[in-house]
Amino acid sequence: MAQLTNLEFGNIPSMRVIGREVSVTMAKGVENPVPALWDASFRDGTMEMLDKLPLAIGDCYIGWMGDAVENGFAYIVGIAAVADTPVPEGMQYRDVPACKVARGTIAGNLQNGDVYGNAHEMTVAAIETRGYHPDYSHGWSAEVYPDGRRYDTETGSIDYLCPYTE
């Protein structure tokens, strides 16, 4: 079962999330396109190319989620680049203004969806337990995959960014 093992509060600078985008629907019976996009992005050299850009949040990859609609959202596999970084051909981007963020670390089973499916709720609950509130006015959250961690194992952890307000 997934567990929140750490929660930190801080600020992020203005940045540009750059990568490959897919639309995700939460409808039952629809296959999640996100794992295939991650796999393809590593296989085809996308991530290697993105690694050469100037980073606002270093030593990690980002799974940015935003542009929510009734039963879905946009998901970008990529990096958090310095604001105004030129976007390579074929890539999508979102500009993210500076804001306060909570960074939760969620540990558990990486293969059955437990960590990914609970990261948002666990991080939001921890934010609220500490007397703060998630700030949905920013319209995004993100999975963070720090370099050096392994994600091909059965158990492990990811980090999750959620804007917050006091």
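Residues numbered from 1 in each chain as written. Predicted model: local features only at pLDDT ≥ 70, side-chain atom pairs only at ≥ 80, totals over all residues. Heavy atoms only, no water.

## Quick word on the pattern of salt bridges
Any two side chains of opposite charge can pair, given that their charged atoms come close. In the structure shown here, the tally under the stated rule is eight salt bridges. With a shortest N-O distance of 3.1 Å, Arg149 and Asp159 are connected by a salt bridge. Linking Arg149 in the loop between β8 (140–146) and β9 (155–165) with Asp159 in strand β9, this pair joins segments that are 10 residues apart in sequence. Assessed through its relative accessible area of 30%, Arg149 is described here as partly exposed. Residue classification places Asp159 among the buried positions, given a relative accessible area of 4%. Across the salt bridge formed by Asp152 and Arg150, the nearest N and O atoms sit 2.9 Å from each other. (Salt bridge = Lys/Arg side-chain N within 4 Å of Asp/Glu carboxyl O. Helix = DSSP H or I, 4+ residues; strand = E, 2+ residues; numbered from the N terminus. Buried < 20%, exposed > 50% of the residue type's maximum accessible area, 1.4 Å probe, protein only.)

## Topic: helix α1 (residues 34–43)
Along an α-helix, residues three or four positions apart point the same way, because every turn accommodates 3.6 residues. Every buried residue belonging to α1 is among Val34, Leu37, Trp38, Ala40 and Ser41, and all of these are buried. Contacts made by the buried residues of α1 are with β2 (15–25), α2 (46–50), β3 (60–69), β4 (72–82) and β8. Looking at the residues trailing α1, positive phi occurs at Gly45, about 90°. (Contact = heavy atoms within 4.5 Å.)

## Observations concerning helix α3 (residues 114–129)
Taking 1.5 Å of rise per residue, the 16 residues of α3 would be expected to cover 22 Å, and the 22 Å separating its terminal C-alpha atoms lies within 8% of that figure. Along α3, the sharpest change in direction is near 35° and occurs at His120. Within α3 the residues assigned to the buried category are Asp114, Val115, Ala119, Thr123, Val124, Ala126 and Ile127. (Expected span 1.5 Å × (residues − 1). Bend = angle between axes of the 7 residues up to and from the residue.)

## Digging into the nonpolar core
Ranked by internal contacts, the top residues of the largest apolar core, which has 31 residues, are Ile18, Trp38, Leu50, Tyr75 and Ile79. The greatest single-element share of this core, amounting to five residues, is contributed by α3. Sequence-distant contacts of Leu50, that is, excluding residues within four places in its chain, are made with Ile18, Gly19, Val77, Gly78, Ile79 and Met91. In terms of nonpolar packing, the next biggest core, distinct from the first, is built from 17 residues, Ile12, Val17, Ile62 and Trp140 among them. (Core = buried A, V, L, I, M, F, W, Y, C linked by side-chain atoms within 4.5 Å.)

## What to know about the pairing of β2
Judged from the 11 bridges that link them, β2 and β4 form a sheet pairing that is antiparallel. The partner of Glu21 across the bridge, within β4, is Ile76. One ladder, built from five bridges, connects β2 with strand β5 (residues 92–96); its direction is antiparallel. The residue bridging Arg16 from the neighbouring strand is Asp95, located in β5. (Pairing = 2+ DSSP bridges.)

Purely spatial values, then, with no claim about function.
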